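Results of the structural survey
Chain residues, written in single-letter form:
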Amino acid sequence: AQLMMEERRTVTALLLLVLGHLTTALEVPLDLSQPPTITHQSPKDYIIDPRENIIIHCEAKGKPHPSFSWTRDGTHFDIDHLSNVNMKQRSGTLVVDIRNDKAEHYEGTYQCTARNDHGTALSHNIVVRQSRSPLWSKEKIKPIVVQEGVPLVLPCRPPAGLPPPIIFWMDNSKRVSQSLNGDLYFSNVLRADSRNDYICYARFPHTQTIQQKQPITVKVLNRKYQHDLILKEPTDERRPTFLTPSGQSSSKVVLRGQVLEMECIAEGLPTPEISWTKVSGELPAERTSYLHYQKTLRIVNVSEADAGEYRCIARNELGSVHQTIHVAVKAAPYWISGSPKNLILAPGENGALTCRASGTPKPAISWAMNGVPIENSPNDLSRRVDDDTIIFTNVQTGSSAVYQCNVSNEYGYLLSNAFVNVLSEPPRVLTPAHHVYQVIKNHQALLDCSSFGSPIPEITWFKDSRASTLDGEPYKIHDNGTLEIHGSQTRHNGKYTCVAKNMLGISENHVYLEVKEPTRILKQPEYKVVQRGRDAVFECKVKHDPTLIPTMTWLKDDDELPDDERLVVDSDSLTITDVTDSDAGVYTCIMNTTLDQDSASAELTVVELPDAPTDLELTEQKKRSVQLTWTPGDEHNSPIEKFIIQYEDSLHHKGHWHNLTQVSGMKTTAHLKLSPFTHYTFRVLALNGVGLSRPSLPSRMYKTDPAAPDVNPADVHGFGTEHDNLVISWKPLTANQSNGPGLYYRVMWRQKGVESDWTAVPVRNASKFVVSGTPTFAPYELKVQALNDHGAGPEPDVAHGYSGEDLPLAAPDNVQVQVISSTQAAVHWDAVPAKLLRGHLKGYKVYYWKERGLHKHNHHHEEKQILTFGGNHTHGKLPGLHPFSLYSCHVRVFNGKGEGPPSPIQPFETDEGVPGAPSSLVITDSNVDSLTLEWSPPHDRNGHITGYTLKYHPGKAIAINNVTKDTTISFVQHEFMCIIVTDKYLLYSSNKDIIKNCLNRACFTLSPAVASRQVDIATQGWFIGLMCAIALLILILLIICFIQRNKGGKYPGEHLHTSGDLHCMCFLLIYSSLLDNEDHKPLKGSRTPSNGTVKREDSDDSLVDYGEGGDGQFNEDGSFIGQYSGKSGCRDNPEGPRAQRRPPLSMP
């Protein structure tokens, strides 16, 4: 028999594989005939509020629309005879009006039936019960008296409610906790547990009411008291024992999918710690939690794998105890592959209904058709029941019905309706036509083709021109007709056609696909560390498809941004102004479109100066040290880098704080080294990345005892202020260095190199001591020791010094002068012997002065000059001397006291040097073909004058004549000439109307000479007439310039202005351009510019404007007076002011 059963199951499995494609659940359009389907019903366990009307839901659909009826507790519920019970229109939902009735009268088990011409559907059983929240019974609870240290249990025993109430006490700690049954357990009681208000509360969730038990009074007695009451013992420390559960093991049953709660509450002194393990495996960490300080283990959504042994361990310092709990997992029936699905078949097709469920223990399965057990239903040859499956073969019209599958065991049941509908329908596509699908690039696209037909239509897809069906990568057609495009690309845009076809017809539908660019955050917000009170800005720049409308949303800690005006959201940023501590958190920008989104997060850390340390304590107090401990303040998200310890000495410097030491920010203690005789008060400051905290409150004062000084004065020096004394000075000790009262110094000295004892004197309230009657500049050894009322400091180190200095006794010997050049000389001398210095050698001073010049006319006398040569120099150079002069010098040595006697005066003469420029240059006579120049000798002759060099050049040419001592020289006629006398240039022009003069310059005119022996074009009448016309034109232009300028002055031999030079140049250019090259050739040996222009020489002197008056002329002393005027346009001659100086050419 067992073998036959196995064979039947194998055949059934193969048949189901064949019919599998026919069992796909289809939604029958409501315009087609179909049996009823339950769409909505009340829950199986339906608890109602007795204050409200009772509504029992039952909704169904079908064609024709079904009718409804009810049973109550297994019998027909006749609502027609109940005036307060109504059924909604086109619905099976019952509404019970209980205003004039009691809800409890309608408690019971209800079931709804929906039927039409094609079948009958049933709801599951609905158990209706009213909620209850009863009061605690009135009872007088006696006070509970216990001895300190014993365990205690306060019972709750709440009244039974529906649903059961939630129990809680106001007490919950490691020592005092609530059990699962609501009792309050004390692992051990303390004197502080004596109270009269221990109350157990019960909250009834359905009615939202809270009931409370009568208060319980607990009185805890001290151990030393004796009392007549019988008290529990012992009260001494003890190892743990379990209060609940009792014994060494217990068991618990839990249903699959529910919550498993196990508890272990132990008593003991000290209070035990509880831990949990699973003996037969690991605890499911993601589903496990602990309550009531580890006393309750909670596992949610229990599965069969959670069955096994669990162990709880209670442990304190005196020992441990464990409890084993055996957990068994049972299961009410549950679907393995879902409830049975409706079956739609065409005449002649095959199909199957499957009711596959499981449970523990294994559930029983029963079938019904239209609410009647299937064994009592009419026989149907096309139907065969095989345990959890009904197989249909070659069905015919009229075989439509609703089948009920009931699966049950002792822990519950499942009831499911599934109909078989036999139809002949051509295909119809249910998806809306011309629907546009939008999808993000590289994402999956799903194009729907929901259809209906009987037989089930075959679905094919085409794109655009229907060249071929869509099959194979990247296309996939699902069983429900949906077309999947894996990794959509832009090329997949377009029109798609879905075709549904069966033996009765064909139907098609067109849809469209648009592939969009993805939304991407290009610049993500970045982690920010911001000091409190400043601003924070998070940027979030996004790229998205231009056809999609984006929406930017900002979140803080996965929640909406606070409603705060300090938070400003822009198109691509979030700005938080005046940041506070509450602004710290994770900020997320989310860019949403209708198709996709992208998000990025960044954390904001708000930092601030650390809070001041607190709780300063002094420990390990010793004479010279103490340990300081403190509690760090809040670091405000910026780690403390170091602590700075400061102190105040209220004995010597009250009100002044000094840095003592610093330690790492990881430490909270510091070992402080202290000085004697100090009243210390300490404080601590914390430093983080933002800055220094406020100082802590001061510690208590710590006074150190006096002691002898630890150090002696530093910087001991010996020197003299007079030739017969010695001043000993030192840096006095500070108040902290004194180490005690009565500080004074023992000053000691003795002459070095002389056999003598130390001389010592005590000195108070001073930092120097003067020793009188010492030899001049004698070496001494010095010591200064610190002492106070408690003793002397350590042996002092020996310092060295000298007594007072006196003036040197000797002058340097063998002073010699060597003339190096006309302006420099070298001086040499022998060093003064050390014994004659009578002090520290500082150096030598050379005094020198000019007696007179060696020229017979020069009797100049100058003040003495001094050159100092530091150290032990025995030579030096005297710079800046005048040439051709008589000098005198002597040398003195000097020390810290002053200068010694001078050496004998040493005269010396300097060599001749280059003479200065002649002091004046004037023109004394100017004729047609000659002129006379006069000049004065230079002020600085610097030697014997042997002659003068006179330089001149016509145009650009340069001529040089060497002149004897005579001061006059004559020139023949020349039209254009510049004379140079020792670097001073003279400009003159043959145009007598264009004249200039300046210091050491002479500008003059020579009348053109008539060459009697030469016949040229200049003697022709027509040329003379042309020249006259040109001269007249130039004269008119000059007059116009003079009128416009209206400015002038005599030529007094003073400096000229640059504007005059420009005018002169301008007129020279005009004039030279009019001359005939044949009739106006330069003199032999001179040169003219090739371009016919004259460049102004670039010198340090400037030309002065001429004043008003007639034509230019020479004064009687040879100076030149002239005037001219011109327009500003002539001043722009680029070759005037910027012309480069040309070097003079030597004349043969």
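Residues numbered from 1 in each chain as written. Predicted model: local features only at pLDDT ≥ 70, side-chain atom pairs only at ≥ 80, totals over all residues. Heavy atoms only, no water.

Notes on the overall build of the protein chain
As a reminder, the rule being used: Numbering of helices and strands starts at the N terminus; helices are DSSP runs of H or I of at least 4 residues and strands are runs of E of at least 2. Only protein chains enter the accessibility calculation, which uses a 1.4 Å probe; a residue whose area is less than 20% of its type maximum is buried, one above 50% is exposed, and one in between is partly exposed. In this analysis, two residues are considered to be in contact whenever any of their non-hydrogen atoms come within 4.5 Å of each other. All accessible-area figures derive from a Shrake-Rupley calculation using a 1.4 Å probe, and residue coverage is judged against the displayed protein chains alone.
Across its full length, the protein chain holds four helices and 90 strands. When the 1148 residues of the protein chain are sorted by exposure, 43% land in the buried category. Counting contacts in the protein chain only where the partners sit at least 6 residues apart, residues at least 24 apart contribute 66% of the total. Roughly 60600 Å² of accessible area belongs to the protein chain as shown, and the carbon and sulfur atoms make up 50% of that amount.

Thoughts on the UniProt feature "transmembrane region" (unreviewed entry) in the protein chain
Worth spelling out the cut-off: UniProt positions are given in the numbering used here, feature names are shortened, and annotations may be inferred rather than shown by experiment.
Feature annotation in UniProt places "transmembrane region" (unreviewed entry) on residues 1022–1043, given in this structure's numbering. The distance from the first to the last C-alpha atom of residues 1022–1043 is 32 Å, and the span holds 100% helix and 0% strand.

Points about the packing of aromatic side chains
Put simply, the rule is: Note on aromatic pairs: the rings of Phe, Tyr and Trp (six-membered ring only in Trp) are paired at centre separations within 6.5 Å, and the planes decide the class, stacked below 30 degrees, edge-to-face beyond 60, tilted for the rest.
Enumeration over the complete set of coordinates arrives at 16 aromatic pairs. Ring centres 5.6 Å apart and planes at 65° place the aromatic pair tryptophan 935 and tyrosine 948 in the edge-to-face group. Placement of tryptophan 935 in strand β81 (residues 931–938) and of tyrosine 948 in strand β82 (residues 948–953) is noted, with a sequence separation of 13 residues between them. Overall, the relative accessible area of 6% leaves tryptophan 935 in the buried class. Three or more aromatic residues joined by ring pairs make a cluster, and in this case those are Trp70, Phe77 and Tyr110.

Section: the pattern of salt bridges
A side chain of one charge can pair with a side chain of the opposite charge when the charged atoms of the two come close. Keep this limit in mind: In what follows, salt bridge is the name for a side-chain nitrogen of Lys or Arg lying within 4 Å of a carboxyl oxygen of Asp or Glu.
Counted according to the given criterion, the structure contains 32 salt bridges. Two residues, aspartate 581 and arginine 532, come together in a salt bridge whose shortest N-O distance is 2.8 Å. Separated by 49 residues along the polypeptide, aspartate 581 in the loop between β55 (573–576) and β56 (585–592) and arginine 532 in the loop between β49 (528–531) and β50 (536–539) bring together distant segments of the chain. A relative accessible area of 32% places arginine 532 in the partly exposed class. The salt bridge involving lysine 556 is made with aspartate 557; its shortest N-O contact spans 3.3 Å. For lysine 556, a relative accessible area of 13% corresponds to the buried category. In the salt-bridge network here, residues are joined through shared partners; they are Asp171, Arg195 and Asp197.

Considerations on the environment of cysteine 540
If you trace the backbone, cysteine 540 turns up in the loop between β50 and β51 (541–543). What makes cysteine 540 buried here is its relative accessible area of 1%. Along the sequence, cysteine 540 and leucine 522 sit 18 residues apart, while their C-alpha atoms lie 7.5 Å from each other. Contact partners of cysteine 540, with chain neighbours within four places excluded, come to Ile521, Lys523, Pro525, Met552, Trp554, Asp572, Ser573 and Cys589.

Quick notes on the state of the cysteines
To keep it simple, the criterion reads: Pairs of cysteine sulfur atoms within 2.5 Å are what we label disulfides.
Counted by the stated rule, this structure contains six disulfides. Here cysteine 264 is linked by a disulfide to cysteine 312, with a sulfur-sulfur distance of 1.9 Å. Measuring handedness by torsion sign, the sulfur bridge of cysteine 264 and cysteine 312 sits at about -75° and is left-handed. Residue cysteine 264 is located in the loop between β23 (260–263) and β24 (265–269), and its partner cysteine 312 is located in strand β28 (residues 308–316); the two are separated by 48 residues in the primary sequence. Owing to a relative accessible area of 0%, cysteine 264 belongs among the buried residues under this scheme. Here cysteine 540 is linked by a disulfide to cysteine 589, with a sulfur-sulfur distance of 2.0 Å. Since a negative S-S torsion denotes a left-handed disulfide, the cysteine 540-cysteine 589 link at about 60° is right-handed. With cysteine 540 in the loop between β50 and β51 and cysteine 589 in strand β56, the pair connects residues that are 49 residues apart, well separated along the chain.

Some points on the pairing of β28
Defined as follows: Two strands form a pair only when DSSP identifies at least two bridges running between them.
Two strands pair when backbone bridges link them, and strand β25 (residues 273–278) and β28 are joined in this way by six bridges, in the antiparallel orientation. From the neighbouring strand, isoleucine 274 faces β28, where its bridge partner is alanine 314. Joining the antiparallel neighbours β28 and strand β29 (residues 319–335) is a turn of two residues.

A look at the environment of aspartate 715
Among the secondary structure elements, aspartate 715 is positioned in strand β65 (residues 714–719). In the structure, aspartate 715 is positioned 69 residues away from valine 784 in sequence and 10.0 Å away in space, judged by C-alpha atoms. Setting aside chain neighbours within four positions, we find aspartate 715 in contact with Ser729, Trp730 and Lys731.

With respect to the sheet that holds β55
For clarity, the cut-off: Every axis in this analysis is a line fitted to C-alpha atoms, fitted for helices over the stretch in contact. Angles between the N-to-C directions lie between 0 and 180 degrees.
Read across the sheet, three strands follow the order β50-β55-β54 without closing on themselves; strand pairing throughout is antiparallel. Of all strands in the sheet, those bounded by a partner on one side alone are β50 and β54 (567–569). Each strand of the sheet is rotated relative to its neighbour by a mean of 15°, with strand direction disregarded. Where β50 and β55 come together, four bridges link them in antiparallel fashion. Its bridge partner being in β55, valine 537 is matched across the sheet by threonine 575.

Looking at the sheet that holds strand β63 (residues 679–687)
Strand order in the open sheet made by the four strands is β61-β60-β63-β64, with antiparallel pairing throughout. What marks the edges here is a single partner per strand, and that holds for β61 (657–664) and β64 (702–703). In the sheet, strand β60 (residues 642–649) pairs with β61 via seven bridges, with the strands oriented antiparallel. Its bridge partner lying in β61, tyrosine 647 is registered against histidine 658.

Here we look at a nonpolar patch on the surface
As a reminder of what qualifies: Patch membership needs two things, relative accessible area over 30% and no salt bridge, and members are linked within 9 Å if like-charged or within 5 Å if nonpolar (Val, Leu, Ile, Met, Phe, Trp, Tyr).
Residues Leu1032, Leu1033, Leu1035, Ile1036, Leu1037, Ile1039, Ile1040 and Ile1043 make up a contiguous nonpolar surface patch of about 730 Å² in total accessible area. With respect to the secondary-structure elements, isoleucine 1036 resides in helix α3 (residues 1021–1045).

Some details on the environment of leucine 345
Locating leucine 345 in the fold gives a position in strand β30 (residues 343–345). Residue leucine 345 is classed as buried on the basis of its relative accessible area of 0%. Here the alpha-carbon distance between leucine 345 and glycine 453, two residues 108 residues apart in the chain, equals 9.5 Å. For leucine 345, the contacting residues outside a window of four places in its chain are Asn350, Gly351, Phe392, Val395, Val420, Asn421, Val422, Leu423 and Ser454.

Concerning the side chain of asparagine 725
Selection criterion: Contacts described as polar in this section are N or O atom pairs within 3.5 Å, which, within protein, must combine one atom able to donate a hydrogen with one able to accept it, while residues neighboring in sequence count only if both atoms come from side chains.
Checked against the element boundaries, asparagine 725 lands in strand β66 (residues 725–731). For asparagine 725, a relative accessible area of 6% corresponds to the buried category. There is a polar contact of 2.7 Å between the side chain of asparagine 725 and the side chain of threonine 721. Residues in contact with asparagine 725, not counting those within four places in the same chain, are Gly720, Val770, Val771, Ser772, Thr774, Ser803 and Gly804.

Things to note about unusual backbone geometry
Where the residue is not glycine, phi is negative for most of them; where a peptide bond is considered, it is trans in most cases. Note that the residue after lysine 63, namely proline 64, is joined by a cis bond; omega there is 0°. The topology assignment puts proline 64 in the loop between β4 (58–63) and β5 (67–72). With an omega dihedral of -5°, the bond running from threonine 244 to proline 245 counts as a cis peptide bond. Examined against the element boundaries, proline 245 turns out to sit in the loop between β21 (238–244) and β22 (249–255). Notably, histidine 636 is not glycine yet its phi reads approximately 55°, a positive angle. Structurally, the position occupied by histidine 636 is in the loop between β59 (625–631) and β60.

Regarding the side chain of serine 625
Mapping serine 625 onto the fold places it in strand β59. Not counting chain neighbours up to four residues away, the residues in contact with serine 625 comprise Glu620, His671, Leu672, Leu674 and Tyr702.

Here we look at the confidence of the model for the protein chain
Test applied: Per-residue confidence from the predictor is reported as pLDDT, which spans 0 to 100.
Per-residue confidence for the protein chain gives a mean pLDDT of 83, with 81% of residues at or over 70. When the criterion is pLDDT under 50, residues 1–24 qualifies, and its contacts beyond four places in sequence or with other chains add up to 24 contacts. Under a pLDDT of 50 for its full length, residues 226–234 has, in the predicted model, 10 contacts with residues more than four places off or in other chains.

Observations regarding the nonpolar core
As a reminder, the rule being used: What makes a nonpolar core is a set of buried Ala, Val, Leu, Ile, Met, Phe, Trp, Tyr and Cys residues whose side-chain atoms join them at distances within 4.5 Å.
Formed by 30 residues in total, the largest nonpolar core has its most connected members in Ile54, Ile56, Trp70 and Tyr110. Among the elements of the structure, β2 (45–48), β3 (54–56), β4, β5, β8 (94–96), β9 (108–116) and β11 (126–130) are those that each provide at least two residues to this core. Of the residues forming this core, the biggest block, three residues, is contributed by β9. The contact partners of isoleucine 56, leaving out residues within four places of it in the chain, are Ser42, Tyr46, Trp70, Gly92, Thr93, Leu94, Tyr110, Ile126 and Val128.

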